[in-house]
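Fold and geometry: a report
One-letter residues, chain by chain:
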Amino acid sequence: MKFLNLRKWILPVAVAAVLCVAPSFAQKGETIDAVKQRAELNSAKADLEEARKKRDMAVAARWKDRETANQERELFNEKYQENKEKVDVLMSERARLFEDVRVAREDLAQVKLQAEKARAEYLSLAAGPERLETLSKFQEQGVPFKIAERVESQNKVKKEMGLYRDDPVRIAKSILKVAREEMEFTREIQMEQAELMFGSSVAQGWRLRMGGLYAMQMANSAMDSLGNRPSALMLPVAGEKKRVFSWQENLTPETKTEISKTFESVKDSAYSMVPVDVLLSTELSSELANHQETTWKDELETFFRNGGILMYPIVTIFGLGLLIVLVKLLWIFIRGFGGFGAYRTLKALAKGDVELARTHVVKAHGAVGKVLKTVLTKEYGGRAAAEKALEGVFSTEIPRIESGLTWVSVFAATAPLLGLLGTVMGMIELFDVITMHGTSDPKLLAGGISIALVTTEAGLIVAIPLQLLHTFLANRADALRGRMEKAGLAVLNALWIKEK
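Residues numbered from 1 in each chain as written. Predicted model: local features only at pLDDT ≥ 70, side-chain atom pairs only at ≥ 80, totals over all residues. Heavy atoms only, no water.

With respect to the overall build of the protein chain
To keep it simple, the criterion reads: Elements are defined by DSSP. Helices are runs of H or I of four residues or more, strands are runs of E of two residues or more, and each kind is numbered from the N terminus. Residue burial is assigned from relative accessible area. The probe radius is 1.4 Å, only protein chains are included, and a residue is buried under 20% of its type maximum, exposed over 50%, and partly exposed in between. Methods summary: accessible areas were calculated by the Shrake-Rupley approach with a probe of 1.4 Å, and residue burial reflects only the protein chains presented.
The helix and strand tally for the protein chain stands at 16 helices and 5 strands. Split into buried and exposed, the 500 residues of the protein chain put 27% on the buried side. On the protein chain, roughly 34100 Å² of surface is accessible, and the fraction owed to carbon and sulfur atoms is 60%.

Examining the packing of aromatic side chains
Given two aromatic rings, one states the distance between the centres and the angle between the planes to describe the pair. Short version of the rule: Pairing of aromatic side chains here covers Phe, Tyr and the six-membered ring of Trp, requires ring centres within 6.5 Å, and sorts the geometry by plane angle: under 30 degrees stacked, over 60 edge-to-face, intermediate tilted.
A complete count under the given rule lists 2 aromatic pairs for this structure. Considering the side-chain rings of F76 and Y80, the 6.4 Å spacing of their centres and the 20° angle between planes classify their relative orientation as stacked. With a gap of 4 residues between them, F76 and Y80 both fall in helix 2 (residues 31–124), about one helical turn apart. With relative accessibility at 54%, the residue F76 sits in the exposed group. For Y80, a relative accessible area of 48% puts it in the partly exposed group. Between the aromatic rings of W407 and F411, the centroid separation amounts to 5.9 Å while the plane-to-plane angle is 45°, which identifies the pairing as tilted. Of this pair, W407 and F411 both sit in helix 14 (residues 405–437), 4 residues apart, which is roughly one turn of that helix. In this structure W407 comes out as exposed when scored by relative accessible area, which is 52%.

Brief notes about helix 13 (residues 383–402)
Where we set the bar: In this analysis, the expected span of each helix is defined as 1.5 Å times one less than the number of residues it contains.
With 20 residues, helix 13 extends 28 Å between its outermost C-alpha atoms, agreeing within 8% with the 28 Å of an ideal straight helix rising 1.5 Å per residue. Once helix 13 finishes, G404 follows within two positions and takes phi at roughly 90°, a positive value.

Quick look at the packing of helix 8 (residues 296–307) against helix 9 (residues 311–336)
Worth spelling out the cut-off: Here an axis means a line fitted to C-alpha atoms, over the contact stretch when the element is a helix, while the angle between two N-to-C directions is reported on a 0 to 180 degree scale. Roughly parallel here means an angle under 35 degrees, roughly antiparallel means over 145, roughly perpendicular means 65 to 115, and every remaining angle is called oblique. Residue contacts are counted whenever heavy atoms from the two residues lie within 4.5 Å of one another.
Contact geometry of helix 8 with helix 9 gives a least axis separation of 8 Å together with a crossing angle of 120°. Judged by the inter-axis angle, helix 8 sits oblique to helix 9. Listed contacts from helix 9 to F303, F304 and G307 of helix 8 are M311, Y312 and V315.

Section: the pattern of salt bridges
Any two side chains of opposite charge can pair, given that their charged atoms come close. Put simply, the rule reads: A side-chain nitrogen of Lys or Arg and a carboxyl oxygen of Asp or Glu constitute a salt bridge if their distance falls within 4 Å.
According to the stated counting rule, one finds 15 salt bridges in the structure shown. With a closest N to O distance of 3.9 Å, E50 and K54 form a salt bridge. One end of the pair, E50, and the other, K54, are both in helix 2, 4 residues apart, so they sit about a helical turn from each other. Here E99 ties to R102 by a salt bridge, and the two come within 2.5 Å at their closest N and O atoms. A residue pair is termed a helical-turn pair when its members lie 3 or 4 positions apart in one helix, as E99 and R102 do in helix 2 at 3 residues.

Focus on the confidence of the model for the protein chain
How we decide: The pLDDT score gives, residue by residue, the confidence of the prediction method on a 0 to 100 scale.
Per-residue confidence for the protein chain gives a mean pLDDT of 77, with 80% of residues at or over 70. In this model residues 282–293 is a low-confidence stretch, pLDDT under 50, and it forms 4 contacts with partners more than four residues away in sequence or in other chains.

So, a nonpolar patch on the surface
Applicable threshold: Patch definition: residues above 30% relative accessible area lacking any salt bridge, with like charges linked at up to 9 Å and the nonpolar side chains Val, Leu, Ile, Met, Phe, Trp and Tyr linked at up to 5 Å.
Together, I309, Y312, L421 and M425 make up an exposed nonpolar region whose accessible area comes to about 430 Å². Position of I309 among the secondary structure elements: in the loop between helix 8 and helix 9. We classify I309 as exposed; its relative accessible area is 64%.

Some details on the nonpolar core
Rule in force here: What is meant by a nonpolar core is a set of buried Ala, Val, Leu, Ile, Met, Phe, Trp, Tyr and Cys residues, joined one to another through side-chain atoms within 4.5 Å.
L372, L376, M484 and V491 are the most contacted members of the largest nonpolar core, which totals 30 residues. Looking at this core, the elements that each hand over two or more residues are helix 9, helix 10 (339–351), helix 11 (354–360), helix 12 (366–376), helix 13, helix 14 and helix 16 (454–495). With 7 residues, helix 16 is the single largest residue contributor to this core. If sequence neighbours within four positions are ignored, M484 has contacts with A367, V368, V371, F394, E397, I398 and I401. The next biggest cluster of nonpolar side chains, apart from the first, holds 11 residues, and it includes F411, A415, A458 and A463.

Quick look at a positive patch on the surface
The following threshold applies: Under this rule, positive means Lys or Arg and negative means Asp or Glu; His and the chain ends count for nothing. Charge coordinates come from a single atom per side chain, which is NZ of Lys, CZ of Arg, CG of Asp or CD of Glu.
Together, K156, R170, K177 and R180 make up a positively charged patch on the protein surface. Ranked by residue count, the leading element in the positive patch is helix 5 (residues 168–187), at 3 residues. Among the residues examined, K156 registers a relative accessible area of 55% and is labelled exposed.

Observations concerning the environment of V375
As for its position among the elements, V375 is in helix 12. Not counting the four nearest positions on each side in its chain, V375 is found in contact with Y380, A386, L390, V491, L495 and W496.

Concerning the pairing of strand 2 (residues 201–210)
To be explicit about the condition: By this definition, two strands are paired if DSSP reports at least two bridges between them.
Pairing geometry for strand 1 (residues 189–198) and strand 2, over 10 bridges, is antiparallel. Across the sheet, M191 pairs through a bridge with L208, a residue of strand 2. In this antiparallel pair of consecutive strands, strand 2 and strand 3 (residues 214–219), the connection spans 3 residues, and G211 shows a positive phi of 60°.

Observations regarding the environment of K256
The residue K256 is located in helix 6 (residues 253–268) in this model. Measuring from C-alpha to C-alpha, the distance between K256 and R229 comes to 7.7 Å, with 27 residues separating the pair along the chain. With residues near it in sequence (within four places) discarded, K256 still touches N228, S231, E249 and L251.

This is how it looks when you write it as structure tokens:
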């Protein structure tokens, strides 16, 4: 800027100087003016030279400032590039961490789902009041002693079932405690002195109870003409709805004599013979006397014969279903076992050591090993190419894993239908018999209906385990597929950071 201002006044000065010199040459007489003008011209030249020096100094300072600015700019660019590379590295790390967090969240959700499922299964183990039905039957079927205490114990357990539904172990312990008390009651031998009832009179005497099976009592009063005291046995009698126990006093002299001998021998001997009927029922005794022993093979043959011709396809379906289940279960177990190589490979990938993973993947087996080998044993141009290769592996392995499960499901659904068909055929035959012989014989009708329902029973016997096995195999197949997907995701994330 100084240089430009200098030029503005130097040029007019030079022109004025020239104009002043010209007349001096024309007028030679004016020497003094010429000298004066020359001096002024020299002064102007000196000023011009000084202005040039100042200009050169300003230009040099400007170039120096520009060089300094360029150096600072280059230093800034270097620091900017370095910081940019650090930011890129941090962004890549951030993307990797986001992917790890997403995978961890998915794993956490899966763990929570499994935990909820396990908790539901655990709570389903809590026993209900129906578990006490068998123990209640002991009270009904055995002699009525200690009824109040036994009922109170069972009511206490029922109350705990409602209050502690989330604690199946406590409920199970309470049930086992009551069951143990019932077992102790059934094996307990108790002999005591008490006030005994004989008809409408009360007498002092002895009472002997053998568990919940038998009880007898004898008074200490005077003997009768045969030398027997009043005595009674607790025996079952037919009630209006079911069997009940009551004291029976009208006993034969022989039975009263045996009771007297029993009480005398109990006081003096370590053991004694007790007149007890362990069957507790004359009808049951009669049935056992006429009963013919049969083996389970005979019963199975009778059951198969009663089912008719449709039992053959039902049994065939059951056999084929079990065969498919066994073969498929063995195949899934073999394909699902990746060996220690797969485990060590996944562990190395989790640590980020790809080279160690490639060393261990050689010993990996099964479907998971195949997924790991597909990615680690080949070189791919990028993640997309590796994912495409994995899609080919999954499209080949998944149908093999799920093959055969449909047949098990079909067999499980077909078996009860065949059983229902056999029942319908049996009912049609039964109606034909009714048309010919009428309904005068209830046993004939009951027997015909029972035989007609055999195929339905057989169909359900086949369908229920096949359906359960199908569900089990499907769960195993889903678990294997999940392990394959998890292994594929782990190896892809270890080699490439997934782009967001």
